[in-house]
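Geometric and topological summary
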Amino acid sequence: MKLIVTKDYEEMSKVAAKEISDFINSKPEAVLGLATGGTPKGLYEELIKLNKQEIVDFSNVTSINLDEYIGLSGEHEQSYRYFMDHNFFNYINIDKSKTFVPNGLADNIDLECIEYDKKIAELGGIDLQLLGIGSNGHIGFNEPAEYLYMGTHQTNLAKDTIEANSRFFKSIDEVPRKAITMGIGGIMKAKKIVLLASGENKAEVVKELVSGKITTEVPASMLQMHRDVVIVIDEAAAKFLSLHSGEYIKSSSGL
Ligand code: F6R
């Protein structure tokens, strides 16, 4: 696990953008697993700039997103398809037909999940998976539970998640209660993982992620077992780690 602590959100976004653009430059046809939410917005803005400056080229990249709300169409402003189009894909030279987000309106959600995993396999797996983290320890929408799932599945959102995500909706009643999410297995199979966290409200869970026990009650703690994880966090999110300011790199061998 490599840990990079940055001064603030802006620097976190820049460092993560460099990590991802360097990766694409070393593998132009990379399959990127992507995330939504407040945290990666700055990163997407940075990648858009790098693309405009021709420092990174998305023309051969394929993307596959982690999750989508069940019941929202891709045109709904809070759907994750809409988020990706309007915060990223519309501004870069990616081929939209090579961007995948689960269909939250599929007639048969279980079948949609099976097809999604087939799609990931057909693509040869995910090369680099971008993650945020919920303050309850979720990654994707793998919520704290007694057990976790390998593959893509439908899930009930945790109360904490519904509350946290209500900031994007007019009222909490509008937040969907269910989502499709890639499973922990799908995430762990990615060759490389880049996780971002920003702000004091993530500090406790970041401590669990980096040095807590590995438990399904903190799904992100599973990442301690991955061989190639880069965690980019700002100082506020690093508050409970005993670190100094500036860039800090902690290495551990992983499996
Ligand atoms: C989003 C996702 C979620 C978010 C997490 C943090 O696609 O999979 O796990 O990464 O809820 O969200 P923010 O960044 O809004 O704090």
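Before going into details, it helps to say that this report is about the structure given with it. (Residues numbered from 1 in each chain as written. Predicted model: local features only at pLDDT ≥ 70, side-chain atom pairs only at ≥ 80, totals over all residues. Heavy atoms only, no water.)

1. Comments concerning the overall build of the chain
The helix and strand inventory of the chain stands at seven helices and 10 strands. In summary, the chain has a C-alpha radius of gyration of 17 Å against a globular reference of 18 Å for 255 residues, a match within 12%. Look at the contacts in the chain between residues 6 or more apart in sequence, and 78% of them connect residues 24 or more apart. Counting every atom, the chain has about 11,800 Å² of accessible surface; 50% of that belongs to carbon and sulfur. Distance from the positive charge centre (27 side chains) to the negative charge centre (37 side chains) of the chain: 3 Å. (Helix = DSSP H or I, 4+ residues; strand = E, 2+ residues; numbered from the N terminus. Rg over C-alpha atoms; globule rule 2.2 N^0.38 Å. Contact = heavy atoms within 4.5 Å. Areas by Shrake-Rupley, 256 points an atom, 1.4 Å probe, with all protein chains shown as cover. Lys, Arg positive; Asp, Glu negative; His and termini not counted. Charge placed at Lys NZ, Arg CZ, Asp CG, Glu CD.)

2. With respect to the sheet that holds strand β9 (residues 192-197)
The seven strands lie next to each other as β1-β10-β9-β6-β2-β3-β5, forming an open sheet whose pairing is parallel. At either end of the open sheet lies a strand with only one pairing partner, and these are β1 (2-6) and β5 (99-100). In this sheet, strand β3 (residues 62-65) lies alongside strand β2 (residues 31-34) in parallel orientation, the contact comprising four bridges. Bridging from a neighbouring strand, G33 pairs with I64 of β3. (Pairing = 2+ DSSP bridges.)

3. Comments concerning the site of the ligand
By nearness alone, 14 residues border the ligand, and T39, D67, H138, G140 and K202 come closest of all. In the model, an oxygen atom of the ligand is placed 2.8 Å from a nitrogen or oxygen of the G140 main chain. Measuring from an oxygen atom of the ligand, one finds a side-chain N or O atom of R167 at 2.9 Å. Using a 2 Å cut-off from the grid points, one finds that the ligand occupies the largest pocket. For the shell around the ligand, the per-class residue count stands at three nonpolar, eight polar and three charged. (Near = heavy atom within 4 Å. Polar contact = N/O pair within 3.5 Å; in protein donor to acceptor, adjacent residues only side chain to side chain. 1 Å grid on protein atoms, 1.4 Å probe; cavity = no way out; pocket = protein on both sides within 12 Å on 5 of 7 lines; lining within 4 Å. Sits in = over half its atoms within 2 Å of the grid points. Nonpolar A, V, L, I, M, F, W, Y, C, P; charged D, E, K, R; others polar.)

4. A closer look at the sheet that holds strand β4 (residues 67-69)
Strand order in the open sheet formed by three strands is β4-β8-β7, with antiparallel pairing between adjacent strands. What marks the edges here is a single partner per strand, and that holds for β4 and β7 (153-156). Neighbour-to-neighbour, the strand axes of the sheet open up by a mean angle of 25°, direction not taken into account. Against the sheet, helix α4 (residues 109-122) engages β7 and β8 (178-181), with an angle of about 125° to β7. (Axes fitted to C-alpha atoms, helices over the stretch in contact; angles between N-to-C directions.)

5. As for the packing of helix α2 (residues 41-52) against helix α3 (residues 80-87)
In the contact formed by α2 and α3, the axes pass within 10 Å of each other and the chain directions differ by 40°. Our classification of the angle between α2 and α3 gives oblique. Within the contact between the two elements, α2 uses K41, Y44 and I48 and α3 uses F83, M84 and N87. Grouping the constituent residues of the contact of α2 with α3 by class yields four nonpolar, one polar and one charged. (Parallel < 35°, antiparallel > 145°, perpendicular 65-115°, else oblique.)

6. A look at unusual backbone geometry
Even without a glycine there, the phi angle at E54 is positive, about 60°. Within the secondary structure, E54 is located in the loop between α2 and β3. Take E54: its relative accessible area is 72%, and that puts it in the exposed class. (Buried < 20%, exposed > 50% of the residue type's maximum accessible area, 1.4 Å probe, protein only.)

7. Section: the packing of aromatic side chains
A full pass over the atoms with the stated rule returns nine aromatic pairs. On the basis of an interplanar angle of 25° and a centroid distance of 4.5 Å, the ring pair of Y44 and F88 is categorised as stacked. In this pair, Y44 is assigned in helix α2 and F88 in the loop between α3 and β5, connecting sequence segments 44 residues apart. You'll find Y44 and F88 in the same group, each marked buried. Measuring from centroid to centroid gives 4.8 Å for Y69 and Y80, while their planes differ by 45°, and the two rings are tilted. With Y69 in strand β4 and Y80 in helix α3, this pair connects stretches of sequence that are 11 residues apart. Each member of the pair, Y69 as well as Y80, is classed as buried. Three or more aromatic residues joined by ring pairs make a cluster, and in this case those are Y44, F58, F83, F88 and F89. (Phe/Tyr/Trp six-rings, centres within 6.5 Å; stacked < 30°, edge-to-face > 60°.)

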